[in-house]
Amino acid sequence: MPSLLLLGATSDMAAALARKFASTGHDVQLAARNAHRLEPLRSDLSIRYGITPTLLEFDARGFDSHDAFWEALPVKPDITICVFGYLGEETRGESDWAECRNILEVNYTGAISILNIIANDYIARGKGTIVGISSVAGERGRQSNYLYGSAKAGFTAYLSGLRNRLFHKGIHVLTVKPGFVYTRMTEDLTLSPLLTATPEGVAAAIHKAVEKKKNVIYVKWFWRWIMLIIKCIPEPMFKKLKL
């Protein structure tokens, strides 16, 4: 049975991914801070799909624990999906270094720390798939979320370089840019229904992209063109906008 590891499994998106991959015959390992919160999801997966997911303690900011976490896994996964993220409070982060640091470390440093370890292990094994959930926010800095966006921009660049490196080793790296998604992380935001995906829609798109070995996907196709337009706005004009 192929195995899936979800890093940051308490999110709505991760739950949808767990159900999607379990429904197609994958064993599932669920990792998060406070892993006991994953008990309802484990029970649901067990009842629906007849599997017994493993629950694992994982802290994205616990960099020194990442090696031990990976070595202690009962089964090394065929597919690893890095789902965790932290939107944070932009205005607070602009003046509060603790908040700013949290945004940067969860969305960039923590992801790179664990994925470096996983990539090196996959190289030694000669197989594996890494999926990173990035964001369209990383495509151009905007005053409304440039701290989060800058971290995701770095993560997108990292995944691109990792894909270039691991392609020659037979390892697949997928970058996912979901756009807006209805989750607990965005529940305080006013989102356009047309532009916003569901966690189930994201999960289905990722599953299909993994099967087809895609490089980069936008869950809703038009985000590619929306961001292209935003990136093409000349800087003298762009800096005057309130985005």
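See the structure above.
The present account deals with the structure reproduced in this document. Residue numbers here run from 1 along each chain, matching the order of that chain's written sequence. With pLDDT at 70 or above as the cut-off, local features in this predicted model cover only qualifying residues; side-chain atom pairs require 80 or more to be listed or tallied, and sums for whole chains, interfaces and linings still use all residues. Only hydrogens and water are set aside when side-chain values are computed; all heavy atoms of the structure are taken into account.

### Quick look at the pairing of strand β6 (residues 172-177)
Categorising residues by exposure relies on relative accessible area from a 1.4 Å probe, with only protein chains included: less than 20% of the type maximum marks a residue as buried, more than 50% marks it as exposed, and the intermediate range marks it as partly exposed. Secondary structure elements follow DSSP: runs of H or I of four or more residues count as helices, runs of E of two or more count as strands, with numbering from the N terminus. With six of six residues buried, β6 is to be regarded as a mostly interior element. Across the two faces of β6 the burial is the same, with His172, Leu174 and Val176 and Val173, Thr175 and Lys177 all buried. A strand pair is defined by DSSP finding two or more bridges across the two strands. Bridge count between strand β5 (residues 129-133) and β6: five bridges; the pairing is parallel. Across the sheet, the residue bridging to Thr129 is His172, located in β6. With the strands pointing away from the viewer, any crossover whose connection runs clockwise from the first strand over the helix to the second is right-handed. Between the parallel pair β5 and β6, the chain is carried across by helix α6 (residues 146-167), and the sense of this crossover is right-handed. In this structure, β6 lies alongside strand β9 (residues 216-218), joined through three bridges in parallel fashion. Paired with Thr175 across the strands is Val216, a residue of β9.

### Focus on the sheet that holds β6
The strand order across the open sheet formed by seven strands is β3-β2-β1-β4-β5-β6-β9, and the pairing between neighbours is parallel. Two strands in the sheet have a free side with no partner beyond their single neighbour: β3 (54-57) and β9. This sheet shows a mean twist of 20° between the axes of neighbouring strands, independent of strand direction. Here α6 sits on the sheet and contacts β4 (79-82), β5, β6 and β9; the angle it forms with β6, its principal contact strand, is near 155°. Structural elements are reduced to axes, namely lines fitted to C-alpha atoms, with helices fitted over the stretch in contact, and the angle between N-to-C directions of any two is expressed from 0 to 180 degrees. The contact rule is simple, with two residues in contact once any of their heavy atoms fall within 4.5 Å.

### Some details on α6
Each residue after the first adds 1.5 Å to the expected span of a helix. With 22 residues, α6 should reach 32 Å at 1.5 Å per residue; the first-to-last C-alpha distance of 31 Å fits that figure. Where α6 is concerned, the buried positions are Leu147, Tyr148, Gly149, Ala151, Lys152, Phe155, Thr156, Tyr158, Leu159, Leu162, Arg163 and Leu166. Turning to α6, the residues buried within the fold contact β4, α4 (90-93), α5 (97-125), β5, β6 and β9.

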